[in-house]
Amino acid sequence: MVIKEYMDGSCKITVSDDCIEPPEEVQKIIERVSMIVVAEERRRQYEKEKEAPA
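So, a few notes on the structure that sits alongside this text. (Residues numbered from 1 in each chain as written. Predicted model: local features only at pLDDT ≥ 70, side-chain atom pairs only at ≥ 80, totals over all residues. Heavy atoms only, no water.)

This next bit is on the overall build of the protein. Each helix and strand in the protein was counted, giving 1 helix and 2 strands. Tracing the protein from N to C terminus, the helices and strands come up as β-β-α. Relative to the compact-globule value of 10 Å for 54 residues, the protein shows a C-alpha radius of gyration of 21 Å, a clear excess of over 25%. For the protein, buried positions account for 0% of its 54 residues. If you sum the accessible surface of the protein, you get close to 5200 Å²; carbon and sulfur atoms cover 58% of it. Positive and negative charge centroids in the protein, built from 9 and 13 side chains respectively, lie 5 Å apart. (Helix = DSSP H or I, 4+ residues; strand = E, 2+ residues; numbered from the N terminus. Rg over C-alpha atoms; globule rule 2.2 N^0.38 Å. Buried < 20%, exposed > 50% of the residue type's maximum accessible area, 1.4 Å probe, protein only. Areas by Shrake-Rupley, 256 points an atom, 1.4 Å probe, with all protein chains shown as cover. Lys, Arg positive; Asp, Glu negative; His and termini not counted. Charge placed at Lys NZ, Arg CZ, Asp CG, Glu CD.)

Shown next as structure tokens:
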């Protein structure tokens, strides 16, 4: 759905709500991304420890 349309010089700018998510979905996205980041940090730490001399 188009929220707003306006002109900036010769450019027509259209703002739509296609990518706007409800707060509940935003929270789920944040949780999924956080889990990916934590898993990657753990993997990097594991690789670093594996490479370190014992």
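Let us look at the environment of Tyr6. Positionally, Tyr6 belongs in strand S1 (residues 2–8). Note on Tyr6: relative accessible area 36%, which makes it partly exposed. Those residues within four positions of Tyr6 in sequence are excluded, and the remaining contacts are Cys11, Lys12, Ile13 and Val15. (Contact = heavy atoms within 4.5 Å.)

All quantities given are derived from atomic positions and should not be read as evidence of function.
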